[in-house]
Structures are given as structure tokens and as C-alpha cells.
Amino acid sequence: MAGQKATSAARRPRIRQLDMELTERCQNNCVHCAINRPADDTEAARRELSTAEWKTILSEATALGCLDVRWTGGEPLLRDDFEELYLFARRLGLRVTLFTNAALVSERLADLLAQTPPLSPLEITIYGMTPKTCDAVTRTSGSFDAARQGLERLLIRRIPVALRCVAMRPTANELAAFEEWAAPHSRCPPWIIYLLDLRSRRDDESRNELIRRLRLAPDEVVKLLNRRPGYRKEMQTFCRQFVGVQGDRLFPCGAGCGGCIDAYGNYQVCLPLRHPETIYPLRNGSLAKAVTEFAPTVTNRRAANPAFLARCARCFLRGLCEQCPAKSWFEHGTLDTPVEYFCEVAHAQARDLGLLTAGERSWDIADPAARLARMGDAT
Amino acid sequence: MDKSVKLSAAYRPSEDVVVRDIEGELIIVPLVAGLADLEDALFTVNESGRAIWDRLDGQQTVEQIIGELAVEYDAPTEELRADVIGFLEEVLQRGLVIEVAQRQA
């Protein structure tokens with residue numbers, strides 16, 4: 001017994017975490033959003049899991065060894081029972097990561113979070129550095145002031161937050177200002193999301209058209225990434241460790257290790273993937289079966305699409321490229337169709353890092369290891 | 001508040017923590033602010049610490065726990081005393097346990 005420190009930071013359990021989409025509804029109507037439904041959508045609210053159903057799922061997750069839940073939406077704070085669910089989860093011994101736009105953080109909620117801390121920084125997305133930009137992105141008058149007020153309520157109580165913003169046409173000129181403003185407040189380095197997803201329920205083609213127009217061009221993305229000193233060196237190190245050929249496996253990621261439960265009680269192997277063949281209705285089953293029996297039937301799937309096999313399966317830019325079954329689902333309604341936008345961004349990054357030259361396609365490279373070894377010689 | 005360990009005192013887990021047993025690993029999850037840091041403030045208790053923690057029922061004194069462990073582990077009492085006091089000091093400082101009552105030695 002002698003000589004050992006009695007307590008230490010906890011190791012992660014077998015089921016690392018579960019994402020929970022408490023609602024798809026949101027009081028904002030962001031131009032780029034992949035999921036939101038109107039706050040007053042009574043039909044969506046009626047279909048959502050009840051308080052008792054969420055409590056059952058939280059209890060089952062805890063029994064399965066889950067330590068971390070991430071609550072997202074929509075805007076999770078729109079749920080009338082948020083405080084009840086939060087305290088229930090914390091009293092089960094769960095650590096809660098809350099994704100929010102902060103606009104609904106009241107004095108009362110901030111007090112609650114200060115008294116019973118979530119044990120993880122609140123993840124807050126900022127939609128612009130001025131009222132004009134923010135309200136234009138959220139299409140909600142007063143959203144900037146409401147978000148800043150909510151954030152202030154957290155900061156004044158020293159509740160840790162992690163701040164991030166979304167890079168798109170309306171915000172591209174404000175990213176530097178965001179980083180400068182956010183750095184002193186954010187527990188983690190301010191995070192910028194550069195690539196927009198289409199609607200994850202494939203529910204609105206007109207909104208998809210808008211999202212496509214809002215996306216930054218691949219070379220613009222690379223230029224913005226390079227604003228940060230040391231970016232290229234860091235990415236080259238990352239590539240030497242993590243890029244490589246994917247083959248025909250569709251899920252070389254961590255999908256299924258935890259998973260996600262959507263607002264209506266469907267288990268998904270990851271947060272964005274809602275293909276009908278990859279979801280499991282918990283109202284007719286159990287989380288244990290979803291995780292142990294259903295998830296492997298999804299994550300063991302192999303690609304069959306000839307275009308995927310000819311390109312993505314032979315591409316060595318896995319790790320740089322955002323291609324995955326969820327993105328394929330948003331864009332094409334399948335699990336294994338190459339997504340041109342993400343492919344172009346990955347190729348632009350690869351050229352910038354010295355992995356490819358102009359006109360080369362990654363799946364034609366015969367010896368990726370040599371490319372990786374030479375990478376950075378000229379930079 | 002006195003945070004020194006008393007051999008004649010009994011201790012129990014604070015009501016401000018949730019104790020999780022995950023695959024045989026004891027994990028202590030704080031419920032309120034002020035226990036260690038706000039972030040990543042989950043603690044695991046190692047095997048020997050667990051032997052002590054499981055006996056913190058608010059009834060047994062520290063001295064009694066040491067005696068029980070000495071029999072169970074067939075270990076020298078003096079060595080165990082140092083280990084038990086070291087463990088209790090750590091969890092007491094962190095606010096993970098509280099003193100219940102001081103008993104007559």
C-alpha cells in the first residue's frame with residue numbers, strides 16, 4: 001500500500017461518452033445550420049423524448065459505465081425540463097458537456113451551473129463579432145446581445161467555457177477578431193469550424209443551396225488556416241502520424257464506441273449520421289443492445305460504391321479529408337459516395353503541405369509513404 | 001475547518017460526491033463546486049485506497065480500520081497506519097470525505 005498516491009485523474013471508461021440531442025428546435029434560425037427546427041415547432045416538440053424517457057436513458061447509460069454526456073441540439077436550453085435533467089444527470093455521477101449558443105443562460109441557470117458544475121467547459125458557439133453579423137447569421141433580432149449577456153453571466157461566475165465560431169462568407173472577415181476576443185475567456189484555444197455540412201436530415205434542398213453558397217472555397221480555407229503561426233508544421237507532424245489509406249472500411253473512426261441519441265429516441269453510431277439503416281429506435285429496445293449488438297453491424301460495413309472504391313478507398317489523405325458516411329449521407333443519401341467539396345479541400349490542404357503537386361489526385365499516388373517522408377522539405 | 005486525520009474519528013464519503021464503480025474501478029465524481037478544480041475533477045481510487053474507502057462507513061474509527069486491514073492483509077500495523085492516514089489526508093483535503101464523530105480512543 002505504501003508510496004502510492006491514493007487518487008488520480010480518472011481513466012476513461014469503456015464507453016467513453018454519449019452524445020444526446022435534447023431537441024432539434026432552436027430559437028435561432030442560422031443560415032448555415034444543419035439540423036435546426038423552429039422553437040415553436042409543436043410537432044417536433046411532441047415527438048421529442050419525455051423527461052422520464054431521458055432519465056431512463058441516462059440511467060441506462062450510467063449503468064453501462066458512461067461517464068460523459070454531451071448535450072447538444074438544436075438549443076438544449078429550450079427544453080423546459082433542462083434543469084431537472086441536468087441535476088438528474090449530475091447526481092448519477094455524469095459529467096455534462098453542454099453545447100449552446102448561450103442566449104438562454106439566465107441568472108438562475110448560471111447560479112445552478114456555478115453551484116453544481118458540469119465538470120466540463122460549456123461549448124459556446126459565437127455567430128459574429130458584431131450585432132449586424134450575428135443577427136444576420138442567426139436571422140434572429142437581438143441574438144448577439146442575448147448571447148453576450150448569457151456568456152457574461154457564466155464568466156462572472158467563473159464557469160469555464162470553450163468558445164468557437166463558424167467560418168463562412170458572412171463571418172470570414174471577423175475570424176481574427178473572434179480569436180483575439182475569445183482567447184482570454186475560453187478555457188481551450190478558440191476553435192473555428194471551417195467546413196459547413198448540409199442538412200443532416202436531408203430535409204430542405206433550398207437550405208442546402210444556401211449552405212453551399214456560404215461555404216468557403218477550398219483555397220480560402222487553406223489561406224485562413226495558414227493565418228495561425230505554426231499551422232503548417234503542426235499539420236505536417238499530424239500527417240506523418242495519422243494520414244494513410246483507408247481501404248474499403250466505411251468507419252475507420254470512433255463511431256459506435258459511444259454514439260448519439262437523437263431528440264426522438266433513436267440511437268445513432270455518431271452524432272450526425274441519420275441514414276435509416278444506421279439508426280436504432282430505443283423506444284423499442286435498449287441502449288445496451290444498441291451499443292453492443294446494433295452498432296457493430298453498422299461500423300463493420302464496407303464500401304461498395306465503385307466511385308468510392310476507385311477514389312476514397314485508395315486515397316492516402318484520410319485524416320485530412322472530412323469524407324465519412326455521415327457527410328456522404330447529407331450530400332448524396334448514401335453512405336459511400338465521394339463528396340466533392342471535402343475532397344477538394346483535402347487536396348488543397350495536401351498541396352499546401354507539399355504532399356501533392358498541382359493537378360495530382362491522391363488516389364493516383366503510388367507511394368504515399370515517400371510523399372509523407374519528403375513533405376516539408378521545401379517549406 | 002480542521003483537515004487533520006484523527007485516529008479516533010470516523011469518516012464517511014461526502015454527500016457532495018457521487019461514487020461510481022465502473023468495471024471494478026472506483027471513480028469519485030464531485031457534485032458541487034469547490035472540490036478540487038471545476039474541470040476534469042474526477043478521481044480514481046487505487047486498489048489499496050479502495051480497501052480503505054470501502055470501510056469509511058461513518059461507524060468505524062480510523063484506528064479500527066487500521067486494525068482490520070492489518071488482519072486482512074497480514075501487514076505491520078505501523079506501515080498500514082501511515083498508508084491509511086496518508087490516504088485519508090488526501091481525500092479529506094479534497095473534501096471527498098467528512099468526519100462524522102470523534103470517538104473516545
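Small disclaimer: the values here were computed from a predicted structure and weren't measured.

1. A look at the pairing of strand β8 (residues 161-166) of chain A
Residue and element names in this part refer to chain A.
And step 1. Judged by how many residues are buried, β8 sits mostly within the fold: 6 of 6 residues are covered.
And step 2. A two-sided burial pattern is seen for β8, the buried positions comprising V161, L163 and C165 on one face and A162, R164 and V166 on the other.
And step 3. Here strand β7 (residues 122-126) pairs with β8 via 5 bridges, running parallel. Residue pairing in the sheet places I126 in a bridge with C165 of β8.
And step 4. For β8 and strand β9 (residues 191-193), the ladder comprises 3 bridges, and the chain directions are parallel. Counterpart to C165 in the pairing with β9 is I192.

2. Concerning helix α7 (residues 175-182) of chain A
Residues and elements named next belong to chain A.
And step 1. Listed as buried for α7 are L175, F178, W181 and A182. Considered in projection along α7, the buried side chains sweep an arc of 130° and stay on one side of the axis.
And step 2. Those residues of α7 hidden inside the fold are in contact with β7, α6 (143-156), β8, β9 and α9 (218-225).

3. Regarding the sheet that holds β9(A)
All names here are of chain A.
And step 1. The 9 strands lie next to each other as β9-β8-β7-β6-β5-β2-β10-β11-β12, forming an open sheet whose pairing is mixed. At either end of the open sheet lies a strand with only one pairing partner, and these are β9 and β12 (279-281).
And step 2. As paired strands, strand β5 (residues 68-72) and strand β6 (residues 95-100) are joined by 4 bridges and run parallel to one another. Bridged to D68 within β6 is R95.

4. Structural notes on the packing of helix α2 (residues 51-63) of chain A against helix α3 (residues 82-91) of chain A
Residue and element names in this part refer to chain A.
And step 1. It is the contact of α2 with α3, at a shortest axis distance of 10 Å, that shows an interaxial angle of 20°. When the interaxial angle is binned, α2 and α3 end up roughly parallel. Crossing angle aside, the handedness with which α2 passes α3 is right-handed. Between α2, through T51, W54, K55, L58 and S59, and α3, the contact on the second element is made entirely by E84, L85, F88 and A89.
And step 2. For the contact of α2 with α3, the per-class residue count stands at 5 nonpolar, 2 polar and 2 charged.

5. Quick look at unusual backbone geometry
And step 1. With an omega dihedral of 15°, the bond running from G73(A) to G74(A) counts as a cis peptide bond.
And step 2. Here G74(A) is to be found in the loop between β5 and α3.
And step 3. Of note in this structure, R202(A) is not a glycine but carries a positive phi near 50°.
And step 4. Mapped onto the elements of the fold, R202(A) is located in the loop between β9 and α8 (205-214).
And step 5. Judged by its relative accessible area of 37%, R202(A) falls in the partly exposed class.
And step 6. One non-glycine residue, E23(B), adopts positive backbone phi at about 50°.
And step 7. Summarising the element assignment, E23(B) is placed in the loop between β2 (17-22) and β3 (25-30).

6. Points about the pattern of salt bridges
Residue and element names in this part refer to chain A.
And step 1. All chains considered together, the criterion is met by 39 salt bridges over all chains.
And step 2. When the shortest N-O distance is used, the salt bridge between E179 and R227 registers 3.1 Å. In this pair, E179 is assigned in helix α7 and R227 in the loop between α9 and α10 (231-242), connecting sequence segments 48 residues apart.
And step 3. On the basis of relative accessible area, E179 is assigned to the partly exposed category, the value being 25%.
And step 4. The salt bridge partner of R201 is D262, with a shortest N-O separation of 3.1 Å. Here R201 is found in the loop between β9 and α8, whereas its partner D262 is found in the loop between β10 (260-261) and β11 (266-268), with 61 residues between them in sequence.
And step 5. Within this structure, R25, E48, R79 and D81 form a network of salt bridges that share partners.

7. Side note on the nonpolar core
And step 1. One finds M20(A), W71(A) and Y267(A) to be the most contacted residues of the largest nonpolar core, which totals 108 residues.
And step 2. The contacts of M20(A), once residues within four sequence positions are left out, are W54(A), I57(A), L58(A), V69(A), R70(A), W71(A), T72(A) and I261(A).
And step 3. Listed in part, the 26 residues of the second largest apolar core include V5(B), I65(B), L69(B) and L96(B).

8. Some points on the packing of aromatic side chains
Pairs of aromatic rings are described using the distance from one ring centre to the other and the angle between the two planes.
Residue and element names in this part refer to chain A.
And step 1. Inspection of the entire model under this criterion finds 6 aromatic pairs over all chains.
And step 2. With centroids separated by 5.7 Å and ring planes inclined at 80°, the aromatic side chains of W71 and F82 adopt a geometry described as edge-to-face. With W71 in strand β5 and F82 in helix α3, this pair connects stretches of sequence that are 11 residues apart.
And step 3. Aromatic side chains F238 and F242 sit 5.1 Å apart centroid to centroid with 40° between the ring planes, which places their arrangement in the tilted category. Linking F238 with F242, this pair stays in helix α10, spanning 4 residues, or about one helical turn.
And step 4. Owing to a relative accessible area of 27%, F238 belongs among the partly exposed residues under this scheme.
And step 5. Overall, the relative accessible area of 46% leaves F242 in the partly exposed class.

Rules of the game
- Residues numbered from 1 in each chain as written.
- Chains lettered and ligands numbered in written order.
- Predicted model: local features only at pLDDT ≥ 70, side-chain atom pairs only at ≥ 80, totals over all residues.
- Heavy atoms only, no water.
- Buried < 20%, exposed > 50% of the residue type's maximum accessible area, 1.4 Å probe, protein only.
- Helix = DSSP H or I, 4+ residues; strand = E, 2+ residues; numbered from the N terminus.
- Pairing = 2+ DSSP bridges.
- Arc of directions from axis to C-beta.
- Contact = heavy atoms within 4.5 Å.
- Axes fitted to C-alpha atoms, helices over the stretch in contact; angles between N-to-C directions.
- Parallel < 35°, antiparallel > 145°, perpendicular 65-115°, else oblique.
- Left-handed = near helix turned anticlockwise from the far one by under 90°.
- Nonpolar A, V, L, I, M, F, W, Y, C, P; charged D, E, K, R; others polar.
- Salt bridge = Lys/Arg side-chain N within 4 Å of Asp/Glu carboxyl O.
- Core = buried A, V, L, I, M, F, W, Y, C linked by side-chain atoms within 4.5 Å.
- Phe/Tyr/Trp six-rings, centres within 6.5 Å; stacked < 30°, edge-to-face > 60°.

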